[in-house]
Amino acid sequence: MSTPRRRPARSRRDRHGRGLRGRLVPDGVPLARSRGEAFDDLVLDAVEALERRWERELAGVEFAVEDVPWVEHTDPDEVVLDSDVLDDGGVPLARVLPARREQGEELPPRVVVYRRPLELRANDRDDLADLVRDVVVDQIATLLGRDPEEIDPTG
């Protein structure tokens with residue numbers, strides 16, 4: 001009785017035969033950062049520039065980035081945006097959540113910037129940086145009860 005012939009073991013790469021895929025660019029170059037990380041940097045740059053001038057007033061304020069706004073209602077006719085929401089054509093761009101107490105815990109004020117609606121309105125990275133700065137300035141002005149030109153006279 002003869003033993004069945006076995007195929008020689010092939011070194012398997014991936015299902016398309018291309019080999020293991022890794023990062024296409026090395027760490028540390030601008031292309032290595034995701035769009036979300038680059039957007040976070042734009043928000044951080046805008047906040048840091050304003051915190052230098054408004055350090056005392058912005059102490060304890062949290063800044064957050066979310067991809068898209070979360071809306072409880074699915075019918076656009078039913079959505080009513082609060083006065084603390086900065087919107088463009090009914091699409092929220094950012095929101096201020098004032099200090100509040102939830103479940104016995106004191107929560108600090110928070111400014112939330114929505115990434116995707118802002119990215120869709122910008123033509124390029126410089127335009128996005130300007131738009132992010134304007135939105136952050138408007139939200140800080142809302143939080144502090146001041147005029148946006150007073151918050152950032154250069155804008």
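An account of the accompanying structure is given in this report. All of these numbers come straight from a predicted model, not from anything done at the bench.

Take the overall build of the protein chain next. Of the regular secondary structure elements, the protein chain holds five helices and six strands. Shown N-terminal to C-terminal, the secondary structure of the protein chain runs as helices and strands in the order α-α-β-β-β-β-β-β-α-α-α. Considering the protein chain as a whole, with its 155 residues, one finds that 25% of them fall into the buried category. When the accessible surface of the protein chain is totalled, it reaches about 11700 Å², and 47% of it is carbon and sulfur.

Moving on to the pattern of salt bridges. Evaluation of the coordinates by the stated rule reveals ten salt bridges. The partner of Arg35 in a salt bridge is Glu119, and the shortest N-O contact between them spans 3.9 Å. Of this pair, Arg35 sits in helix α1 (residues 35–53) while Glu119 sits in helix α3 (residues 115–121), and the two are 84 residues apart along the sequence. Among the residues examined, Glu119 registers a relative accessible area of 15% and is labelled buried. Note that Arg115 and Glu119 form a salt bridge whose closest N and O atoms lie 2.9 Å from each other. On the criterion of helical spacing, the pair formed by Arg115 and Glu119 is a turn pair, its members being four residues apart in helix α3. The two residues Arg115 and Glu119 agree in class, both being buried. Residues joined in a network through salt bridges with shared partners are Arg35, Asp67, Arg115, Arg116 and Glu119.

Turning next to helix α4 (residues 125–144). For α4, spanning 20 residues, the distance from its first C-alpha to its last is 28 Å, which sits close to the expected 28 Å at 1.5 Å a residue. Taken as a whole, α4 has its buried residues at Leu128, Val132, Val135, Val136, Val137, Gln139, Ile140 and Ala141. With a side-chain oxygen positioned 3.3 Å from the backbone nitrogen of Asp126, the residue opening α4 is Asp124. Positioned one or two residues after α4, Gly145 has a phi angle of 70°, which is positive.

So, on to unusual backbone geometry. The phi angle of most residues is negative, glycine excepted, and most peptide bonds adopt the trans form. Even without being glycine, Gln103 reaches a positive phi, approximately 50°. For Gln103, the location among the structural elements is in the loop between β4 (100–102) and β5 (105–107). Judged by relative accessible area, Gln103 falls into the exposed class, the value being 85%.

Cut-offs used in this document
Residues numbered from 1 in each chain as written. Predicted model: local features only at pLDDT ≥ 70, side-chain atom pairs only at ≥ 80, totals over all residues. Heavy atoms only, no water. Helix = DSSP H or I, 4+ residues; strand = E, 2+ residues; numbered from the N terminus. Buried < 20%, exposed > 50% of the residue type's maximum accessible area, 1.4 Å probe, protein only. Areas by Shrake-Rupley, 256 points an atom, 1.4 Å probe, with all protein chains shown as cover. Salt bridge = Lys/Arg side-chain N within 4 Å of Asp/Glu carboxyl O. Expected span 1.5 Å × (residues − 1). Polar contact = N/O pair within 3.5 Å; in protein donor to acceptor, adjacent residues only side chain to side chain.

By themselves, these observations are geometric and do not establish any function.
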